[in-house]
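Each chain is listed here by its residues.
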Amino acid sequence: MTEKDLQFFKAWFSDFTKSYYSSDTEDQKNITLKVEHTHNVCKNIIEIAQGSSFSENQIRVAEAIALFHDMGRFPQYTRYKTFRDAVSVNHGLLGSKILIQENVLLPLPSYEQQLIIQAVKFHNAFAIPPVLNDETILFLRLIRDADKVDIFRVFIEYYESPKQDRASATALGVPDTPEYSAVMLSCILKKQVASYSNIKTENDFKLMKLSWLYDMHFKESVKLMRKNNYIDRIIDKLPQTDEIKSAMATLKDYLSDRLNTTDS
Ligand SMILES: [Fe+2]
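The rules behind each value
Sequence order sets the numbering: in each chain, residues are counted from 1 along the sequence as written. This being a predicted model, a pLDDT of at least 70 is required before a residue's local features are given, and a value of 80 or more before pairs of side-chain atoms are given or counted; all residues contribute to the totals for chains, interfaces and linings. Excluding hydrogens and water, the side-chain figures rest on all heavy atoms present in the structure. Helical segments are the DSSP runs of H or I of at least four residues, strand segments are the runs of E of at least two, and each set is numbered from the N terminus. Computation of the radius of gyration draws on C-alpha atoms alone. For the globule rule, the value is 2.2 Å times the number of residues to the power 0.38. Note on exposure labels: buried denotes an accessible area under 20% of the residue type's maximum, exposed denotes more than 50%, and partly exposed covers the range between, all computed with a 1.4 Å probe on protein chains only. The contact rule is simple, with two residues in contact once any of their heavy atoms fall within 4.5 Å. Here the open area of atoms and residues is found with the Shrake-Rupley method and a 1.4 Å probe, where only the protein chains shown may cover a residue. Charged residues are defined here as Lys and Arg on the positive side and Asp and Glu on the negative side; His and the ends of the chain fall outside this count. One atom stands in for each charge, and that atom is NZ of Lys, CZ of Arg, CG of Asp or CD of Glu. Ligating atoms shown are N, O and S within 2.8 Å of the metal, or 3.2 Å for Na, K and Ca, and water is not included, meaning a site may look less than complete. Centres within 6.5 Å are what make two rings of Phe, Tyr or Trp a pair, Trp counting through its six-membered ring; a difference in plane orientation under 30 degrees is then read as stacked, over 60 as edge-to-face, and the rest as tilted. Joining through side-chain atoms within 4.5 Å is the link that ties buried Ala, Val, Leu, Ile, Met, Phe, Trp, Tyr and Cys residues into a set, and such a set is a nonpolar core. We define a salt bridge as a contact between a side-chain nitrogen of Lys or Arg and a carboxyl oxygen of Asp or Glu at a distance within 4 Å.

(A) Seen up close, the overall build of the protein chain. The secondary structure content of the protein chain amounts to 12 helices and 0 strands. Counting from the amino terminus, helix and strand elements in the protein chain follow one another as α-α-α-α-α-α-α-α-α-α-α-α. Relative to the compact-globule value of 18 Å for 264 residues, the protein chain shows a C-alpha radius of gyration of 18 Å, a close match. C-alpha atoms of the protein chain, sized along the principal axes, occupy 55 × 50 × 30 Å. A burial count over the protein chain gives 53% of its 264 residues as buried. Within the protein chain, counting contacts between residues at least 6 apart in sequence, those at least 24 apart form 69% of the total. When the accessible surface of the protein chain is summed, it comes to about 12,500 Å², and 51% of that surface belongs to carbon and sulfur atoms. Seen as two clouds, the 33 positive and the 35 negative side-chain charges of the protein chain have centres 2 Å apart.

As C-alpha coordinates, then:
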(Lines give C-alpha, C1' and ligand atoms only; values in the text may rest on other atoms or scores of the structure.)
Protein backbone atom coordinates (compact mmCIF):
# COMPACT_ATOMS: atom_id res chain seq x y z
CA MET A 1 0.00 0.00 0.00
CA THR A 2 1.35 3.40 -0.97
CA GLU A 3 0.89 6.72 0.80
CA LYS A 4 -1.25 7.75 -2.19
CA ASP A 5 -3.57 4.75 -1.59
CA LEU A 6 -3.97 5.81 2.03
CA GLN A 7 -4.80 9.41 1.03
CA PHE A 8 -7.41 8.07 -1.41
CA PHE A 9 -8.97 5.95 1.37
CA LYS A 10 -9.11 8.95 3.70
CA ALA A 11 -10.89 11.06 1.09
CA TRP A 12 -13.27 8.19 0.32
CA PHE A 13 -14.07 7.70 4.01
CA SER A 14 -14.69 11.40 4.51
CA ASP A 15 -17.25 11.44 1.65
CA PHE A 16 -18.78 8.22 2.96
CA THR A 17 -19.34 9.59 6.47
CA LYS A 18 -20.66 12.94 5.18
CA SER A 19 -23.42 11.09 3.36
CA TYR A 20 -24.74 10.06 6.81
CA TYR A 21 -24.76 13.55 8.34
CA SER A 22 -28.13 14.55 9.72
CA SER A 23 -30.00 17.79 10.41
CA ASP A 24 -31.28 16.22 13.65
CA THR A 25 -29.01 17.35 16.51
CA GLU A 26 -29.14 14.06 18.41
CA ASP A 27 -28.47 11.95 15.32
CA GLN A 28 -25.62 14.21 14.24
CA LYS A 29 -24.07 13.97 17.74
CA ASN A 30 -24.00 10.16 17.43
CA ILE A 31 -22.57 10.28 13.90
CA THR A 32 -19.89 12.81 14.92
CA LEU A 33 -18.99 10.59 17.85
CA LYS A 34 -18.09 7.77 15.43
CA VAL A 35 -16.16 10.05 13.06
CA GLU A 36 -14.07 11.31 15.99
CA HIS A 37 -13.70 7.77 17.32
CA THR A 38 -12.34 6.68 13.92
CA HIS A 39 -9.73 9.46 13.88
CA ASN A 40 -8.62 8.59 17.39
CA VAL A 41 -8.38 4.87 16.59
CA CYS A 42 -6.18 5.82 13.60
CA LYS A 43 -3.88 7.78 15.94
CA ASN A 44 -3.82 4.94 18.48
CA ILE A 45 -3.08 2.26 15.91
CA ILE A 46 -0.12 4.25 14.51
CA GLU A 47 1.29 4.74 18.01
CA ILE A 48 0.87 1.07 18.95
CA ALA A 49 2.26 -0.21 15.64
CA GLN A 50 5.24 2.17 15.74
CA GLY A 51 6.02 1.13 19.31
CA SER A 52 5.74 -2.55 18.34
CA SER A 53 8.22 -2.53 15.42
CA PHE A 54 5.80 -2.70 12.49
CA SER A 55 7.21 -1.76 9.05
CA GLU A 56 6.17 1.45 7.23
CA ASN A 57 3.94 -0.55 4.90
CA GLN A 58 2.35 -2.44 7.78
CA ILE A 59 1.64 0.85 9.54
CA ARG A 60 -0.20 2.14 6.44
CA VAL A 61 -2.26 -1.08 6.27
CA ALA A 62 -2.99 -0.72 9.98
CA GLU A 63 -4.14 2.87 9.51
CA ALA A 64 -6.47 1.80 6.67
CA ILE A 65 -7.96 -0.88 8.94
CA ALA A 66 -8.53 1.73 11.65
CA LEU A 67 -10.09 4.11 9.14
CA PHE A 68 -12.58 1.49 7.93
CA HIS A 69 -13.12 -0.58 11.07
CA ASP A 70 -16.36 1.12 12.14
CA MET A 71 -17.82 2.07 8.78
CA GLY A 72 -20.73 -0.27 9.48
CA ARG A 73 -21.67 2.06 12.36
CA PHE A 74 -22.94 4.75 9.97
CA PRO A 75 -25.62 2.73 8.14
CA GLN A 76 -26.33 0.90 11.43
CA TYR A 77 -27.15 4.11 13.27
CA THR A 78 -29.04 5.66 10.39
CA ARG A 79 -31.23 2.62 10.02
CA TYR A 80 -31.68 1.47 13.62
CA LYS A 81 -30.73 4.57 15.72
CA THR A 82 -28.55 2.44 17.96
CA PHE A 83 -24.96 1.18 18.23
CA ARG A 84 -26.09 -2.04 19.91
CA ASP A 85 -25.33 -4.89 17.53
CA ALA A 86 -27.49 -7.31 19.51
CA VAL A 87 -30.66 -5.39 18.61
CA SER A 88 -29.65 -4.31 15.10
CA VAL A 89 -26.83 -5.67 12.89
CA ASN A 90 -23.24 -6.86 13.34
CA HIS A 91 -21.43 -3.63 12.41
CA GLY A 92 -18.09 -5.37 11.70
CA LEU A 93 -19.68 -7.71 9.19
CA LEU A 94 -21.67 -4.85 7.66
CA GLY A 95 -18.51 -2.74 7.25
CA SER A 96 -16.68 -5.57 5.50
CA LYS A 97 -19.61 -6.04 3.10
CA ILE A 98 -19.61 -2.34 2.18
CA LEU A 99 -15.85 -2.44 1.48
CA ILE A 100 -16.44 -5.33 -0.94
CA GLN A 101 -19.58 -3.92 -2.57
CA GLU A 102 -18.10 -0.47 -3.11
CA ASN A 103 -14.79 -1.84 -4.43
CA VAL A 104 -12.98 0.59 -2.15
CA LEU A 105 -9.83 -1.51 -1.84
CA LEU A 106 -9.38 -2.19 -5.55
CA PRO A 107 -6.01 -0.34 -5.86
CA LEU A 108 -4.40 -2.77 -3.37
CA PRO A 109 -2.77 -6.19 -3.91
CA SER A 110 -5.36 -8.87 -3.16
CA TYR A 111 -3.63 -10.11 0.03
CA GLU A 112 -3.82 -6.60 1.52
CA GLN A 113 -7.47 -6.32 0.49
CA GLN A 114 -8.21 -9.60 2.27
CA LEU A 115 -6.28 -8.53 5.36
CA ILE A 116 -8.29 -5.30 5.68
CA ILE A 117 -11.64 -6.97 4.97
CA GLN A 118 -11.05 -9.70 7.57
CA ALA A 119 -9.79 -7.25 10.18
CA VAL A 120 -12.87 -5.02 9.74
CA LYS A 121 -15.17 -8.05 9.77
CA PHE A 122 -13.86 -9.52 13.02
CA HIS A 123 -12.69 -6.43 14.93
CA ASN A 124 -15.76 -6.65 17.16
CA ALA A 125 -15.96 -10.45 17.58
CA PHE A 126 -15.98 -11.61 21.23
CA ALA A 127 -12.82 -13.62 20.52
CA ILE A 128 -10.47 -13.88 17.54
CA PRO A 129 -11.52 -16.75 15.23
CA PRO A 130 -8.62 -19.24 15.24
CA VAL A 131 -9.04 -20.11 11.55
CA LEU A 132 -7.46 -16.87 10.34
CA ASN A 133 -3.83 -16.73 9.13
CA ASP A 134 -1.07 -15.32 11.36
CA GLU A 135 -0.81 -11.94 9.67
CA THR A 136 -4.57 -11.38 9.83
CA ILE A 137 -4.53 -12.33 13.51
CA LEU A 138 -1.71 -9.83 14.14
CA PHE A 139 -3.64 -6.96 12.52
CA LEU A 140 -6.84 -8.04 14.22
CA ARG A 141 -5.09 -7.83 17.58
CA LEU A 142 -3.81 -4.41 16.64
CA ILE A 143 -7.21 -2.96 15.68
CA ARG A 144 -8.92 -4.53 18.69
CA ASP A 145 -6.37 -2.91 21.00
CA ALA A 146 -6.47 0.51 19.30
CA ASP A 147 -10.28 0.41 19.32
CA LYS A 148 -10.48 -0.50 23.00
CA VAL A 149 -8.16 2.34 24.00
CA ASP A 150 -10.45 4.86 22.33
CA ILE A 151 -13.64 3.23 23.61
CA PHE A 152 -12.28 3.98 27.09
CA ARG A 153 -11.93 7.66 26.09
CA VAL A 154 -15.48 7.73 24.69
CA PHE A 155 -16.94 6.28 27.90
CA ILE A 156 -14.92 8.47 30.21
CA GLU A 157 -15.95 11.58 28.29
CA TYR A 158 -19.54 10.36 28.39
CA TYR A 159 -19.50 9.98 32.17
CA GLU A 160 -17.58 13.22 32.68
CA SER A 161 -19.83 15.42 30.52
CA PRO A 162 -23.16 17.05 31.53
CA LYS A 163 -26.17 14.81 30.79
CA GLN A 164 -27.53 17.10 28.02
CA ASP A 165 -24.24 16.92 26.08
CA ARG A 166 -23.98 13.12 26.08
CA ALA A 167 -24.32 11.20 22.81
CA SER A 168 -27.32 9.02 23.66
CA ALA A 169 -26.25 5.90 21.75
CA THR A 170 -23.09 5.53 23.90
CA ALA A 171 -25.07 4.18 26.85
CA LEU A 172 -26.52 0.73 27.10
CA GLY A 173 -29.73 1.95 28.69
CA VAL A 174 -29.28 0.04 31.97
CA PRO A 175 -30.10 1.69 35.34
CA ASP A 176 -27.45 3.97 36.85
CA THR A 177 -27.91 2.66 40.41
CA PRO A 178 -25.22 1.84 43.04
CA GLU A 179 -25.53 -1.95 42.48
CA TYR A 180 -23.10 -4.15 40.61
CA SER A 181 -23.16 -7.87 39.83
CA ALA A 182 -21.00 -10.51 41.50
CA VAL A 183 -20.34 -12.19 38.15
CA MET A 184 -18.67 -9.02 36.80
CA LEU A 185 -16.39 -8.79 39.83
CA SER A 186 -15.56 -12.46 39.57
CA CYS A 187 -14.44 -11.96 35.94
CA ILE A 188 -12.04 -9.23 37.11
CA LEU A 189 -10.70 -11.52 39.86
CA LYS A 190 -10.32 -14.44 37.43
CA LYS A 191 -8.63 -12.17 34.85
CA GLN A 192 -11.34 -12.91 32.30
CA VAL A 193 -13.19 -10.71 29.84
CA ALA A 194 -16.79 -10.19 30.98
CA SER A 195 -19.62 -10.54 28.50
CA TYR A 196 -22.33 -8.03 27.63
CA SER A 197 -25.05 -10.50 28.54
CA ASN A 198 -24.40 -10.18 32.29
CA ILE A 199 -24.70 -6.40 32.45
CA LYS A 200 -27.53 -5.19 34.70
CA THR A 201 -26.37 -1.73 35.81
CA GLU A 202 -24.05 1.09 34.70
CA ASN A 203 -21.50 -0.17 37.24
CA ASP A 204 -21.55 -3.58 35.54
CA PHE A 205 -20.87 -1.80 32.28
CA LYS A 206 -17.84 -0.03 33.78
CA LEU A 207 -16.57 -3.34 35.20
CA MET A 208 -16.98 -4.98 31.81
CA LYS A 209 -14.90 -2.23 30.18
CA LEU A 210 -12.19 -2.73 32.80
CA SER A 211 -12.18 -6.49 32.15
CA TRP A 212 -11.14 -5.70 28.56
CA LEU A 213 -7.70 -4.87 29.93
CA TYR A 214 -7.13 -8.63 30.18
CA ASP A 215 -7.58 -8.83 26.42
CA MET A 216 -5.00 -6.21 25.35
CA HIS A 217 -2.43 -7.87 23.15
CA PHE A 218 0.26 -5.19 22.81
CA LYS A 219 2.12 -3.82 25.77
CA GLU A 220 2.13 -0.49 23.92
CA SER A 221 -1.69 -0.40 24.23
CA VAL A 222 -1.54 -0.80 28.01
CA LYS A 223 1.04 2.02 28.06
CA LEU A 224 -1.35 4.20 26.06
CA MET A 225 -4.16 3.50 28.54
CA ARG A 226 -1.90 4.42 31.41
CA LYS A 227 -0.57 7.55 29.69
CA ASN A 228 -4.16 8.82 29.37
CA ASN A 229 -4.99 7.75 32.92
CA TYR A 230 -8.04 5.88 31.56
CA ILE A 231 -7.89 3.06 34.09
CA ASP A 232 -8.05 5.22 37.22
CA ARG A 233 -10.62 7.51 35.65
CA ILE A 234 -13.03 4.56 35.22
CA ILE A 235 -12.20 3.07 38.62
CA ASP A 236 -13.01 6.49 40.20
CA LYS A 237 -16.54 6.22 38.84
CA LEU A 238 -17.27 2.93 40.65
CA PRO A 239 -18.59 2.60 44.24
CA GLN A 240 -15.50 2.28 46.44
CA THR A 241 -16.60 -0.83 48.38
CA ASP A 242 -14.08 -3.29 49.80
CA GLU A 243 -14.86 -5.94 47.18
CA ILE A 244 -14.46 -3.46 44.32
CA LYS A 245 -11.21 -2.18 45.83
CA SER A 246 -9.83 -5.70 46.06
CA ALA A 247 -10.87 -6.56 42.47
CA MET A 248 -9.23 -3.34 41.27
CA ALA A 249 -6.04 -4.27 43.13
CA THR A 250 -5.97 -7.59 41.21
CA LEU A 251 -6.42 -5.74 37.93
CA LYS A 252 -3.73 -3.19 38.72
CA ASP A 253 -1.26 -5.90 39.78
CA TYR A 254 -1.86 -7.64 36.47
CA LEU A 255 -1.23 -4.39 34.57
CA SER A 256 1.98 -3.62 36.49
CA ASP A 257 3.23 -7.12 35.71
CA ARG A 258 2.50 -6.61 32.01
CA LEU A 259 4.29 -3.28 31.91
CA ASN A 260 7.31 -4.74 33.67
CA THR A 261 7.82 -7.63 31.29
CA THR A 262 10.20 -7.31 28.36
CA ASP A 263 7.96 -8.90 25.69
CA SER A 264 5.89 -6.77 23.32
FE1 LIG B 1 -16.44 -1.24 16.13
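(B) Highlighting the coordination of the iron ion. In this structure, Asp-70 (OD), His-91 (NE2) and His-123 (NE2) serve as the protein donors to the iron ion, at separations of 2.0 to 2.3 Å. Positions of the donor residues of the iron ion along the chain correspond to the pattern D-x20-H-x31-H. Linking Asp-70 in the loop between α3 (56–68) and α4 (73–80) with His-123 in the loop between α6 (110–122) and α7 (134–160), this pair joins segments that are 53 residues apart in sequence. The buried category is assigned to Asp-70, whose relative accessible area is 2%.

(C) Local environment of the packing of aromatic side chains. As enumerated under the stated definition, the model contains 17 aromatic pairs in all. Judged by centre distance (4.8 Å) and plane angle (70°), the rings of Tyr-214 and Tyr-254 are edge-to-face. With Tyr-214 in the loop between α9 (202–211) and α10 (219–227) and Tyr-254 in helix α12 (residues 242–260), this residue pair connects regions lying 40 residues apart in the sequence. Summarising the burial analysis for this pair, Tyr-214 and Tyr-254 share the class buried.

(D) Spotlight on the nonpolar core. Counting 85 residues, the largest nonpolar core has Phe-9, Phe-68, Ile-116, Leu-142, Leu-210, Leu-213 and Met-248 as the members making the most contacts within it. The element that contributes the greatest number of residues to this core is α7, accounting for 14 residues. With residues up to four places along the chain from it excluded, the contact list for Leu-210 reads Phe-152, Ile-188, Ile-231, Ile-234, Ile-235, Leu-238, Met-248 and Leu-251.

(E) Seen up close, the environment of Ser-14. Within the secondary structure layout, Ser-14 lies in helix α1 (residues 3–18). Owing to a relative accessible area of 24%, Ser-14 belongs among the partly exposed residues under this scheme. C-alpha separation for the pair Ser-14 and Gly-72, spaced 58 residues apart in sequence, amounts to 14 Å.

(F) A look at the pattern of salt bridges. Here the structure, examined in full by the defined rule, presents 14 salt bridges. The partner of Glu-26 in a salt bridge is Lys-29, and the shortest N-O contact between them spans 4.0 Å. On the criterion of helical spacing, the pair formed by Glu-26 and Lys-29 is a turn pair, its members being 3 residues apart in helix α2 (residues 25–51). For Glu-26, a relative accessible area of 30% translates into the label partly exposed.

Just geometry here; none of it tells us what the structure is for.
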